[in-house]
Each structure stands twice: as C-alpha cells, then as structure tokens.
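# Structural characterization, general
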Amino acid sequence: MFPFENLLYFFEIKGSDLKTLIRTIQNGKKKFYPTYGLSQVFQKVPGATTLNLVDLILSNGSPIIDNQIYRGATNDFLANGGDDFKTMTGLLSNKNNTN
C-alpha cells in the first residue's frame with residue numbers, strides 16, 4: 001500500500017474480539033484510527049484516561065454480535081502488530097496475505 005510495500009491481509013475475527021480490538025486501538029497512543037464499514041460510538045468518562053466503547057455497528061445498521069465471525073482486510077504491517085495493533089496478532093484467525 002502506497003507509500004510502503006505492504007501486503008493486503010484478509011482475516012476472520014469473532015465479534016467479541018473485534019470489540020476488544022477496536023477498544024484497544026482507539027485508546028492507543030496514536031489515538032483514533034479510521035475504519036471502513038463500522039460505526040463506532042465512544043464515550044469519554046470524566047476522570048478516566050480511556051474512552052468507553054458504547055456501540056459498534058456495521059454500515060448496514062446491524063450490531064456486532066459477540067459470537068459471530070466477521071471478515072475484514074488490512075495491511076500486513078497492522079496485521080502483524082504495527083502501531084497500536086499488538087493485540088491484533090492474537091485475535092485474528094485465518095490470516096492470509098496476497099501479493
């Protein structure tokens with residue numbers, strides 16, 4: 001992916017793990033990452049240092065269901081834990097790259 005020589009990774013992830021991932025990366029040192037196909041609702045709790053994930057919804061309006069498997073794509077840098085995505089490496093299943 002421009003400007004780097006990344007590979008595209010496709011993955012599967014449980015809904016509960018997706019919520020954990022989003023909660024973790026959105027509270028990381030880089031702060032808020034954009035996502036495609038997800039609506040994220042966070043709440044700032046007075047006195048807290050992290051944001052509270054209130055809701056995570058697909059672009060079609062469906063809620064993320066904890067035990068359902070979802071498919072996604074990212075670049076290999078993030079899939080392998082780059083930036084604030086260290087928790088991602090343990091949460092992804094069926095991680096495949098394309099050249």
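Residues numbered from 1 in each chain as written. Predicted model: local features only at pLDDT ≥ 70, side-chain atom pairs only at ≥ 80, totals over all residues. Heavy atoms only, no water.

## Some remarks on the overall build of the protein
On a plain count of helices and strands, the protein comes out with three helices and five strands. For the protein, the N- to C-terminal ordering of α and β elements is β-α-β-β-β-α-α-β. The contacts in the protein between residues at least 6 apart in sequence include a share of 59% that link residues at least 24 apart. Accessible area of the protein: about 6,500 Å², with a carbon and sulfur share of 54%. (Helix = DSSP H or I, 4+ residues; strand = E, 2+ residues; numbered from the N terminus. Contact = heavy atoms within 4.5 Å. Areas by Shrake-Rupley, 256 points an atom, 1.4 Å probe, with all protein chains shown as cover.)

## Concerning the pairing of strand 2 (residues 38-44)
Two strands pair when backbone bridges link them, and strand 2 and strand 3 (residues 51-58) are joined in this way by seven bridges, in the antiparallel orientation. Across the sheet, residue phenylalanine 42 finds its bridge partner in strand 3, namely leucine 53. Two successive antiparallel strands, strand 2 and strand 3, enclose a turn made up of six residues, where glycine 47 displays a positive phi of approximately 85 degrees. (Pairing = 2+ DSSP bridges.)

## Overview of the nonpolar core
Nonpolar side chains tend to gather and get buried jointly when the protein is soluble and globular. Residues Ile13, Leu18, Ile22, Ile25, Leu38, Leu56 and Ile64 are the most contacted members of the largest nonpolar core, which totals 13 residues. Of all the secondary-structure elements, those providing two or more residues to this core are strand 1 (8-14), helix 1 (15-26), strand 2 and strand 3. For this core, the element with the highest residue contribution is helix 1, accounting for four residues. Apart from residues no more than four positions distant in its own chain, leucine 56 is found in contact with Leu18, Lys19, Ile22, Leu38, Ser39, Gln40, Pro63 and Ile64. (Core = buried A, V, L, I, M, F, W, Y, C linked by side-chain atoms within 4.5 Å. Buried < 20%, exposed > 50% of the residue type's maximum accessible area, 1.4 Å probe, protein only.)

## A word on the pattern of salt bridges
According to the stated counting rule, one finds two salt bridges in the structure shown. Ionic pairing is found between arginine 71 and glutamate 12, a salt bridge with its closest N-O pair at 3.5 Å. Placement of the pair is arginine 71 in strand 4 (residues 69-75) and glutamate 12 in strand 1, with a sequence separation of 59 residues. Of the charged contacts in the structure, one is a salt bridge between aspartate 66 and lysine 19, with a shortest N-O distance of 2.8 Å. In this pair, aspartate 66 is assigned in the loop between strand 3 and strand 4 and lysine 19 in helix 1, connecting sequence segments 47 residues apart. (Salt bridge = Lys/Arg side-chain N within 4 Å of Asp/Glu carboxyl O.)

## Thoughts on the side chain of glutamine 40
Inspection of the secondary structure assignment puts glutamine 40 in strand 2. Glutamine 40 gets classed as buried once you look at its relative accessible area, which sits at 17%. Excluding residues within four positions of it along the chain, glutamine 40 makes contact with Ile22, Gln26, Phe32, Tyr33, Thr35, Asp55 and Leu56.

## Re the environment of glutamine 43
Structurally, glutamine 43 is set in strand 2. Measuring from C-alpha to C-alpha, the distance between glutamine 43 and leucine 53 comes to 6.5 Å, with ten residues separating the pair along the chain. Sequence-distant contacts of glutamine 43, defined by excluding residues within four places in its chain, comprise Leu51, Asn52 and Val54.

By themselves, these figures tell us nothing about what the structure is for.
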